[in-house]
Amino acid sequence: MAGESQADCLFCKIVAGEVPATVIRDSETMTAFRDINPQAPTHVLVIPKAHYPDAATLAAAEPQLAAEMLREAGEVAEQEGIVASETGPGTGYRVVFNTGHGAGQTVFHAHAHVLGGRGFNWPPG
Ligand code: 5GP
Ligand code: ZN
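These figures come from a predicted structure and were not determined experimentally.

About the criteria used
Residues numbered from 1 in each chain as written. Chains lettered and ligands numbered in written order. Predicted model: local features only at pLDDT ≥ 70, side-chain atom pairs only at ≥ 80, totals over all residues. Heavy atoms only, no water. Donors = N, O, S within 2.8 Å, 3.2 Å for Na, K, Ca; no water. Tetrahedral: all angles 85-135°; square planar, octahedral: opposite > 155°, others 65-115°. Helix = DSSP H or I, 4+ residues; strand = E, 2+ residues; numbered from the N terminus. Buried < 20%, exposed > 50% of the residue type's maximum accessible area, 1.4 Å probe, protein only. Polar contact = N/O pair within 3.5 Å; in protein donor to acceptor, adjacent residues only side chain to side chain. Contact = heavy atoms within 4.5 Å. Near = heavy atom within 4 Å. Areas by Shrake-Rupley, 256 points an atom, 1.4 Å probe, with all protein chains shown as cover. Nonpolar A, V, L, I, M, F, W, Y, C, P; charged D, E, K, R; others polar.

(A) Layout of the coordination of the zinc ion (ligand 2). Around the zinc ion (ligand 2), the protein supplies C9 (SG), C12 (SG), H51 (ND1) and H109 (ND1) as donor atoms, at distances of 2.1 to 2.3 Å. Between the four donor atoms coordinating the zinc ion (ligand 2), the angles at the centre fall across 107 to 115°, so the site counts as tetrahedral. Sequence spacing of the donors to the zinc ion (ligand 2): C-x2-C-x38-H-x57-H. In this pair, C9 is assigned in the segment before helix 1 (10-16) and H51 in the loop between strand 3 (42-48) and helix 2 (55-61), connecting sequence segments 42 residues apart. H51 sits in the buried class, given a relative accessible area of 11%.

What follows is the structure in structure tokens.
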């Protein structure tokens, strides 16, 4: 059923503590941990603890949780010091939702990538 932990899901296993991860933020509904294969100096994944296959499915079923995921992404950026600012050290950051195989999604448990600490090109690759 939507939202229930899936036995074969890597990120459900991270939520359950069955697979180790470097968790940097944890709340009742969300977990944020460092990506195992970072693509930038800061590369954090923000996931809902409940299982939904992608961000759009999450937003359709539980809009409040989708909003929390976005808010958590912003909190991660603040915590990591990557928010663009005239006075702070950050350069800005990117939040990415790969959705579907062709767009690069490999783990089918909703997650936001928070990337920062370097410049980014547009359009993305
Ligand atoms: P996707 O490709 O689905 O958008 O993102 C999945 C992300 O999960 C990838 O960036 C990948 O490096 C990361 N990842 C895959 N396996 C693990 C793991 O066991 N631990 C952590 N921390 N990240 C993982
Ligand atoms: Zn899952």
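(B) How the structure looks around the side chain of H43. Structurally, H43 can be placed in strand 3. Reaching out from H43, the side chain makes a polar contact with the backbone nitrogen of Q39 at a distance of 3.0 Å. Within the local environment of H43, its side chain forms a polar contact with the side chain of H113, the two groups lying 2.8 Å apart. H43 has contacts with F33, R34, D35, N37, P38, H113, V114 and L115, leaving out every residue within four places of it along the chain.

(C) Local environment of the site of ligand 1. Surrounding ligand 1, one finds 16 residues, the nearest of these being R34, D35, G104, T106 and H113. One nitrogen or oxygen atom from the side chain of H111 is found 2.9 Å from an oxygen atom belonging to ligand 1. Separating an oxygen atom of ligand 1 from a side-chain N or O atom of H113 is a distance of 2.8 Å. Within the complex, 83% of the 520 Å² of free accessible area of ligand 1 lies under protein. Top element by residues in the shell around ligand 1 is helix 1. It accounts for three residues. Looking at side-chain class alone, the shell around ligand 1 contains seven nonpolar, seven polar and two charged residues.

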